Amino acid sequence: MRLRVLGPVEVQDPTGRPVPLGGARQTILLALLAATANQPLSTGRLIDLLWPEDPPASPTAALHTAVSRLRRALAGTGATIRHRTSSYQLHVARDQIDALVFEDLTRTASDPEALGTALRMWQGEPYLGLHHVSPLRHEAVRLTELKLSAIEDGAARLSEAGDHAAAIAYLRRAVAEAPLRERSRVLLMRALAASGQTSAALDDYREYRALLVEETGLEPTPAVRSAHQGLLSGAAAGAVDGDALSPATARAELTLVAVPEPVSPLVGRVREVAEIGDLVARGHRLVTLTGLGGVGKTRLALDVARRAWQGPAAFVDLAPVTSAEDVADAFARALGIRLTAPDPIADLSAAVADRALLVLVDNFEHVLPASGLLTTLLSRCAGLHALVTSRSRLDAAQQTEYPVRPLTVPPADAGPDDVLASPAVALFLDRVADRSLVAGSGPAQIGRLCREVGGLPLAIELAAGLVRFRSLADVREHVVGSLARAESGALASAIRWSFDRLSFADQAILRRLSFFASAFDAATAAAVGGARPGSLDRLVSLGLLRLDRHDGTVRYAVPKIIIGYLESADRDEQTRRAAEEAHLRYHAGLCRDPRWLDDALLARVGAGYPDLLGALRRGLATGRPDDDLYDLATAVLLYWLWQNSTHPAMRMLDALERLPEGSPARAVRLRVLRGIFLRELGRVEEAARALTGCPEILHAAGDVDWLVTCQGILGVVAYDQGRTGEAARWLRAAIDAAGTGVERRLPELHGMLAAVQTADGDHVGAVDSALRALAALANEPSPALRVSTMVNAAQALTEADRGVLALEVLTGGLADLDETPDGMHTYQVNLGWAYHSTGAHGEALKTFRSILDTVADAHEWPLVAELLAGSACALAHIGHNRAAALTLGGTERLLHRLDQRLSKWIHQQLDGAYAIVAQHPHGADQILAGRQLGASSVISLVRQIEV
């Protein structure tokens, strides 16, 4: 049996003969079930779609009759229709539906033969003749987008392989089907030019521009204009951005971690700064400064970044990073972005795009397996340069290594003037700032000291620091004598000399403090390291601890070279484990018994993130699960959920799952979080399985807060699966549980229930739940929770035809937005829909447009799609028919590219706008033209409309 939907819907029996389906309603029913093959489709949804205007007196019975007739028609074909609770599902093998076979073939479309086979399956528009049924129209748009993208990807690969003729043939087919599609046009122009047909490529651009202006009133986007200019100038072709779901046409300003400003001048490195700056200027995009610890790699790189690089620069400090898999997160934090894609490089490269940017990456030596991340990022971002410090080369063939040597020291027979002119002595004197030392035999002693420490800058600075407390002769006698007798390097010996001056108690304190990845205050040092009064002062005086004063606060940090010494020289495994244990217990204490929606907890995790993550990684390495480790992991996972860092969270959950089983009461929270993250990834069925049995364990443990969380997410998962009745039951159970001690959760839960009731058509219940949610906010201290609850309640009120009340709710919550600016965008979206529902379509359009550019610049594409959807609906009602049609088409395409779901009510508004536009001459053609536009073009179109 073969079910065809890539054209007119048709069933063929095993002999290839058509199977009569018994009428139009059975054909639509089969098409709807085929579009969701092997997935349940609720009976309520089927009834709405089969009888949109005049439902039968007994709709459930009528649907049962239609299904029975379709089952009889499919008898003997191998396809079956299964009935589940309140839903039906078409059960069929993937190779029996042409659309599913096509999707499978396009996944391997790097093979031209597979692409050709996939394209030959098409007999016309998918679900031909059934586009008045909105889900089938949307599915047709999705399949068409998939086909055109497959053609473009296949053609691009053929061009790269030199087969321009085959690429041109494929691209002419794509252009014939979608003449306004940007990527097809750019690829065609480039393929024509590469085959020697530059004149034809220029003609194609002129044809495209004329058609675009005629159909939409828009000029070509910067990407197309750039391709055209490349043809005129003969410049090499760059990447084609795939119609701009990237910063290529709408880049956000990055919030960079600035390169630190050194507190002291760089001495003796004029030549090195010039040479490294010249390497960067000449196009060496990966320069690695190598050398032993303490030679001054970081200090040199800072000066190059601040003095020799003309442009923006970001500082990526890898010293706190304990695992190569956390390097992407360190880059994201340095760039001020969040990682949301399965491949973090996709997010990083989209953020950097083609901008000129230098990243100074410090301390790469202990995460060398992450070299591939950096080289891949450089390959995708043509304007990116990387200046890296590392004790050893990166695992990257294209790097330019610049070995950093110790400072030049004076010869033993040098005279006083030559001694003072040497870079090593100049550094010593700069750091001491005491010119009396150059009198008499001083220069000779300083020269000898610098020679015996090998010209190593950090050792010189350490000796200079000791001169503040001892005479130069004393430092020469003890420090240099120690160095002369040392079996290891000069720097290690200098550090050992200071370390040996400490009492055993202070040595233990330093070991514990060395596990901090970031700066800490005296109270934290006392809590973790057991620092006593005077201990911190002694460590600072010996150069083993750095003291920083800023804005009236005092913080400490163990220099990284001291940490390296302790790691290499400390052979006491028991002491090291005790220090690790102290850190785990301290940081777990900051996250004790983590609760859901705890703003203070999230703030603590954010403030101490490197140390918390480092403690968690070390705790995982022990392989011993306990409540502290589970609490720490739960807190970090909640922080990642807030940051939308789904994929790092899943990797962490996998690592935790490999541990021996610990406390069931704590471990079950991780199962709940796994369900939440799986749902965020769209893996709803897996989420449901992960959550199975969790409510019972949490109830038995008396963990009401997490029980409420679990019941709430089970309600959301059931809603995602179309089981609104079950979703409502879970949410009511959560509300009942919250009333027994976690009343702070009631606003959130009532708001969620209101959304479910709205989708289920229970508008009376939705309004009641929305009002209960708002009433429960009276004593809620969290602005974030107040805003999210008001937004959810307003959405339910809007969709329940209570738009005026929704407007009152939203306008009354403006004060909270000052404290939670992250909620502003969602607030504006809902405000726009509230205006739309009251008939104030002009205000709705203004509201949607007010944040459209900002949201696009931030690459928040799901919000962009909803803003464009709202704009399309408003334009249709205002009477801007062409703009409405083009925006509708562009919105449909964007929604399918994002695989984004909107509420049933919003889809109804879109269907209403579609019906208005389709009534006008050329409306359907203009919608089709809009489906060929990229997101940036649709945004430009909406922005230009005058209201």
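The structure displayed is predicted, hence computed values, not measured ones.

This part takes up the overall build of the chain. For the chain, the helix and strand inventory stands at 48 helices and 12 strands. Relative to its length of 947 residues, the chain is compact, with a C-alpha radius of gyration of 33 Å against a globular reference of 30 Å. Projected onto its principal axes, the C-alpha positions of the chain cover 110 × 75 × 55 Å. Relative to its full complement of 947 residues, the chain shows a buried share of 54%. Long-range contacts, defined here as pairs at least 24 residues apart, represent 69% of the contacts in the chain between residues at least 6 apart. For the chain, the accessible surface area stands at approximately 40,100 Å², while carbon and sulfur atoms represent 52% of it.

Next up on the list: the sheet that holds strand S7 (residues 313-317). Overall, parallel pairing links the 5 strands, which are arranged S7-S8-S9-S6-S10 in an open sheet. Two strands in the sheet have a free side with no partner beyond their single neighbour: S7 and strand S10 (400-403). Sheet twist, expressed as the mean angle between neighbouring strand axes with direction ignored, is 20 degrees. Note that S7 and strand S8 (residues 357-362) share 5 bridges and pair parallel. Among the inter-strand pairings, Phe 315 is bridged to a residue of S8, identified as Leu 360. Sitting on the sheet, helix H12 (residues 297-308) touches strand S6 (286-290), S7, S8 and strand S9 (384-390), and the angle it makes with S9 is about 160 degrees. Contacts from helix H15 (residues 371-380) reach S6 and S9, with the element oriented near 160 degrees to S9.

With that out of the way, let us pick up the sheet that holds strand S5 (residues 87-91). The 3 strands lie next to each other as S3-S5-S4, forming an open sheet whose pairing is antiparallel. A single partner strand is all that each edge strand has here, and the edge strands are strand S3 (41-42) and strand S4 (80-84). With respect to the sheet, helix H1 (residues 24-35) is in contact with S3, S4 and S5, its orientation differing from that of S5 by roughly 80 degrees.

Turning next to unusual backbone geometry. In this model, Asn 363 sits at a positive phi of 70 degrees, which is unusual for a non-glycine residue. The backbone of Asn 644 shows a phi angle near 60 degrees, a positive value even though the residue is not glycine. Relative to the assigned elements, Asn 644 resides in the loop between helix H29 (627-643) and helix H30 (646-657).

Let us look at the packing of aromatic side chains. In the structure shown here, the tally under the stated rule is 8 aromatic pairs. Taking 5.8 Å as the distance between ring centres and 55 degrees as the angle between the ring planes, the aromatic pair formed by Tyr 639 and Trp 642 counts as tilted. Of this pair, Tyr 639 and Trp 642 are both found in helix H29, 3 residues apart, which corresponds to roughly one turn of the helix. A residue is classified by how much of its surface remains accessible, and Trp 642, at 44% relative accessible area, is partly exposed. Judged by centre distance (5.6 Å) and plane angle (80 degrees), the rings of Trp 833 and Trp 905 are edge-to-face. Of this pair, Trp 833 sits in helix H41 (residues 824-837) while Trp 905 sits in helix H46 (residues 904-918); the two residues are 72 residues apart in sequence, bridging distant segments of the chain. You'll find Trp 833 and Trp 905 in the same group, each marked buried. Taken together, Phe 516, Phe 520 and Tyr 556 form an aromatic cluster joined through their ring pairs. When the ring centre of Tyr 914 is taken as reference, the NZ or CZ atom of Arg 137 above it lies at 3.7 Å.

Moving on: the packing of helix H31 (residues 664-680) against helix H34 (residues 704-720). Contact geometry of H31 with H34 gives a least axis separation of 10 Å together with a crossing angle of 25 degrees. As the angle between them shows, H31 and H34 are arranged roughly parallel. Where H31 crosses over H34, the two elements pack in a sense that is left-handed. On H34, the residues that touch Arg 669, Val 672, Leu 673, Ile 676 and Arg 679 of H31 are Trp 706, Thr 709, Cys 710, Ile 713, Val 716, Val 717 and Asp 720. Residues that form the contact of H31 with H34 fall into these classes: 8 nonpolar, 1 polar and 3 charged.

Right, let's get into the pairing of strand S12 (residues 553-557). Bridge count between strand S11 (residues 546-550) and S12: 5 bridges; the pairing is antiparallel. By the bridge assignment for S12, Leu 547 is matched with Tyr 556. Hairpin remark: S11 followed by S12, antiparallel, with 2 residues in the connecting loop; positive phi at Asp 551, about 55 degrees.

Note on pairing: side chains with opposite charge can pair once their charged atoms come close. Scanning all chains against the criterion turns up 59 salt bridges. A salt bridge links Arg 181 to Glu 152, with the nearest nitrogen and oxygen atoms 2.6 Å apart. Of the two residues, Arg 181 is situated in the loop between helix H7 (164-177) and helix H8 (182-194) and Glu 152 in helix H6 (residues 134-160); the sequence distance between them amounts to 29 residues. The two residues Arg 181 and Glu 152 agree in class, both being buried. When salt bridges that share partners are traced, they join Glu 145, Glu 152, Asp 153, Arg 181, Arg 183, Arg 893 and Arg 897 into one network.

With that out of the way, let us pick up the UniProt feature "DNA-binding region" (unreviewed entry) in the chain. Per the UniProt annotation, the sites labelled "DNA-binding region" (unreviewed entry) are residues 1-92. What you have in residues 1-92 is 39% helix and 20% strand, and the ends, taken at the C-alpha atoms, are 10 Å apart.

What follows concerns the environment of Asp 203. Residue placement: Asp 203 occurs in helix H9 (residues 198-216). Owing to a relative accessible area of 39%, Asp 203 belongs among the partly exposed residues under this scheme.

Under the 1.5 Å per step criterion, the end-to-end length of H30 is 16 Å for 12 residues, consistent within 8% with the ideal 16 Å. Counting buried positions over the 12 residues of H30 gives 9, a clear majority of the element. Listed as buried for H30 are Thr 646, His 647, Pro 648, Ala 649, Met 650, Met 652, Leu 653, Ala 655 and Leu 656. The secondary structure elements touched by the buried residues of H30 are helix H28 (609-622), H29 and H31.

This next bit is on the environment of Pro 443. Mapped onto the elements, Pro 443 comes out in helix H18 (residues 442-452). Owing to a relative accessible area of 4%, Pro 443 belongs among the buried residues under this scheme. Considered as a pair, Pro 443 and Leu 420 are 23 residues apart in the sequence and their alpha carbons are 6.7 Å apart.

Attention now goes to the nonpolar core. In this structure, Leu 3, Leu 29, Leu 32, Leu 63, Leu 90, Tyr 127 and Val 864 are the most contacted members of the largest nonpolar core, which totals 121 residues. For this core, the element with the highest residue contribution is helix H44 (residues 861-878), accounting for 12 residues. The residues touching Leu 29, leaving out its near neighbours within four places in the chain, are Leu 46, Leu 50, Leu 63, Ala 66, Val 67 and Leu 70.

With that settled, the discussion passes to the side chain of Thr 298. By the element assignment, Thr 298 lies in helix H12. Among the polar contacts listed, one links the side chain of Thr 298 to the side chain of Asp 362, at a separation of 2.6 Å. Among all residues touching Thr 298, those that are not within four sequence positions of it are Asp 362, Thr 389 and Lys 560.

Along the chain, Val 359 turns up in strand S8. On the basis of relative accessible area, Val 359 is assigned to the buried category, the value being 2%. As for Val 359 and Asp 329, which are separated by 30 residues in sequence, their C-alpha atoms are 14 Å apart. With residues near it in sequence (within four places) discarded, Val 359 still touches Ala 314, Val 316, Phe 331, Leu 384, His 385, Ala 386 and Leu 387.

How each quantity is defined
- Numbers given to residues run from 1 along each chain, matching the order in which its sequence is written.
- Totals for whole chains, interfaces and linings use all residues, but because this is a predicted model, local features are given only for residues with pLDDT of at least 70 and pairs of side-chain atoms are given and counted only at 80 or more.
- Excluding hydrogens and water, the side-chain figures rest on all heavy atoms present in the structure.
- Think of it this way: any DSSP run of H or I at least four residues long counts as a helix, any run of E at least two long counts as a strand, and we number them from the N terminus.
- As a reference, a globule follows 2.2 Å times the number of residues to the power 0.38, and the radius of gyration itself is taken over C-alpha atoms.
- The cut-offs for exposure are 20% and 50% of the maximum accessible area for each residue type, with area from a 1.4 Å probe on protein chains only; residues under the lower value are buried, those over the upper are exposed, and the others partly exposed.
- By the convention used here, residues are in contact when the closest approach between their heavy atoms is within 4.5 Å.
- Method for areas: the Shrake-Rupley scheme with a 1.4 Å probe, in which residue coverage is limited to the protein chains shown.
- Should DSSP find at least two bridges between two strands, the strands are regarded as paired.
- A fitted line through C-alpha atoms serves as each axis, taken over the contacting stretch for helices, and the angle formed by two N-to-C directions is quoted from 0 to 180°.
- The pairing test for Phe, Tyr and Trp rings, Trp by its six-membered ring, is centres within 6.5 Å, and the orientation test on the planes gives stacked under 30 degrees, edge-to-face over 60, and tilted for anything in between.
- Criterion for a charge above a ring: Lys NZ or Arg CZ within 6 Å of the ring centre, and within 35 degrees of the ring normal.
- Any angle that is under 35 degrees is reported as roughly parallel, and any over 145 degrees as roughly antiparallel; angles of 65 to 115 degrees are reported as roughly perpendicular and all others as oblique.
- For a crossing to be left-handed, the near helix must be turned anticlockwise from the far one by less than a right angle; the clockwise case is right-handed.
- Each residue is assigned to one class: nonpolar for Ala, Val, Leu, Ile, Met, Phe, Trp, Tyr, Cys and Pro, charged for Asp, Glu, Lys and Arg, and polar for all the others, Gly among them.
- A pairing counts as a salt bridge when a side-chain nitrogen of Lys or Arg comes within 4 Å of a carboxyl oxygen of Asp or Glu.
- UniProt positions are given in the numbering used here, feature names are shortened, and annotations may be inferred rather than shown by experiment.
- Helix span, expected: 1.5 Å multiplied by one less than the number of residues in the helix.
- Note on terminology: a nonpolar core comprises buried Ala, Val, Leu, Ile, Met, Phe, Trp, Tyr and Cys residues joined through side-chain atoms within 4.5 Å.
- Identification of polar contacts relies on pairs of N or O atoms within 3.5 Å, with a donor-acceptor requirement for protein atoms, meaning one able to donate a hydrogen and the other able to accept it, and with residues adjacent in sequence counted only if both atoms are side-chain atoms.

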